[in-house]
Amino acid sequence: MKPENLDKRRNGFSSRRLAVDLHIHTALSPCADNDMTPNNIVNMALIKGLDAIAITDHNCTKNVKAVVECADDKDILVVPAVEVMTNEEVHLLCYFEDMDMLSDFGEYVYYHLPETKNEQGIFGQQLIMDSFDQITGNEEKMLLNAINAGIYEVADRVNTMGGACVPAHADRNSYSIISNLGSIPEDLCFKYVEYSADSPLESDFKRYKRLIGSDAHDLSHILEPCMFMELKEKRIKCIIQELKN
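Keep in mind it's a predicted model, so treat the numbers as computed, not measured.

1. So, the environment of Val 68
- Here Val 68 lies in helix α3 (residues 64-70).
- For the pair Val 68 and Val 20, spaced 48 residues apart in sequence, the C-alpha separation works out to 15 Å.
- Setting aside its immediate chain neighbours within four residues, Val 68 contacts Val 78 and Met 99.

This is how it looks when you write it as structure tokens:
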């Protein structure tokens, strides 16, 4: 972390200018390392100097509560979230103010997820964990499938529930809103678009605010402080309000 950022944190400025990484996967996502446990993620985020993170597993919310509980007595916010793959195969980051909202939305996503079983030998395990990093289950449904709902339906559902949607990794050649739809439909009314810190496509997204997320599937990829949000308070509610249009 840069010295000036440390000084601002000591003076209490971190309550308004937060270093965030709002795209992190746990070991529940089959493409993530098994060492992406609740405690490992929270502690690595603290070591790297982050103020807020979001847990965004693929199409499933079953590890978010454990990470929230891990961070309960620590100086870091955990935003309840999930990364949904719509039936257009677009990845959409969906954020909520609290676990009740996320749980309700998670049930909706899980209901629309095909019944295909995960093949662990091919795709990897889908580990469900508690706040002590103990494995409590292994999700049987294949989480990397698209759900049976389109991007308009998913976005409308999130907005109606008071959450916020952000198209994920829009600069990539697969599973992004640009690669799959050709453009960002203006009537979806996104405020932020996520893409990589080194993306050359910044000029293509002038209508939208830029969200840099790590899409971390291993601990080393969790962001150093490089994505900041200017907020009234260090609260999840303020993060959601900033992400919403």
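2. Some thoughts on the pairing of strand β2 (residues 52-55)
- Along β2, one buried face is formed by Ala 52 and Ala 54 and the opposite face, lined by Ile 53 and Ile 55, is buried too.
- Sheet topology places strand β1 (residues 17-24) next to β2; 3 bridges connect them, and they run parallel. Bridge pairing links Val 20 to Ala 52 in β2.
- In terms of handedness, the path from β1 via helix α2 (residues 38-47) over to β2 forms a crossover that is right-handed.
- In this region the chain leaves β2, passes through α3 and returns to the parallel neighbour strand β3 (residues 77-85); the handedness of that crossover is right-handed.

3. Some words on the layout of surface pockets
- Estimated volume of the largest pocket: approximately 210 Å³.
- His 58, His 91, Leu 144, His 169 and Tyr 175 are, among the 14 residues lining the largest pocket, the residues nearest its centre.
- Ranked by the residues each element gives to the lining of the largest pocket, the list is headed by β3, at 3 residues.
- When its residues are assigned to classes, the lining of the largest pocket shows 5 nonpolar, 6 polar and 3 charged.

4. Describing the nonpolar core
- Among the nonpolar cores identified, the biggest contains 50 residues, and Ile 53, Cys 94, Phe 105, Val 154 and Phe 190 are the most heavily contacted of them.
- When contributions to this core are tallied by element, the ones reaching two or more residues are β1, α2, β2, α3, β3, β4 (91-95), α4 (99-111) and α6 (151-160).
- Residue contributions to this core peak at 5 residues, all from α4.
- If we skip the residues at most four places from it in the chain, Val 154 touches Val 84, Thr 86, Leu 92, Cys 94, Phe 105, Tyr 108, Ile 147 and Ala 149.
- Grouped together as the second largest cluster of nonpolar side chains are 25 residues, Val 79, Ala 164, Tyr 192 and Ile 212 included.

5. Points about the sheet that holds strand β7 (residues 164-167)
- Here we have 6 strands laid out as an open sheet, ordered β7-β4-β3-β2-β1-β10, and mixed in their pairing. Here the strands that pair on one side only, and so sit at the sheet edges, are β7 and β10 (228-230). Averaged over all pairs of adjacent strands, the angle between their axes in this sheet comes to 30°, without regard to strand direction.
- Pairing analysis gives 5 bridges linking β3 to β4, with the strands arranged antiparallel. For Met 85, the partnering residue across the bridge sits in β4 and is His 91.
- Against the sheet, helix α8 (residues 236-243) touches β1, β2, β3, β4, β7 and β10, its axis set at about 40° to β3.

What counts, and at which threshold
- Residues numbered from 1 in each chain as written.
- Predicted model: local features only at pLDDT ≥ 70, side-chain atom pairs only at ≥ 80, totals over all residues.
- Heavy atoms only, no water.
- Helix = DSSP H or I, 4+ residues; strand = E, 2+ residues; numbered from the N terminus.
- Contact = heavy atoms within 4.5 Å.
- Buried < 20%, exposed > 50% of the residue type's maximum accessible area, 1.4 Å probe, protein only.
- Pairing = 2+ DSSP bridges.
- Right-handed = clockwise from strand over helix to strand, strands pointing away.
- 1 Å grid on protein atoms, 1.4 Å probe; cavity = no way out; pocket = protein on both sides within 12 Å on 5 of 7 lines; lining within 4 Å.
- Points joined across faces, edges and corners; volume = space filled by probe spheres on them.
- Nonpolar A, V, L, I, M, F, W, Y, C, P; charged D, E, K, R; others polar.
- Core = buried A, V, L, I, M, F, W, Y, C linked by side-chain atoms within 4.5 Å.
- Axes fitted to C-alpha atoms, helices over the stretch in contact; angles between N-to-C directions.

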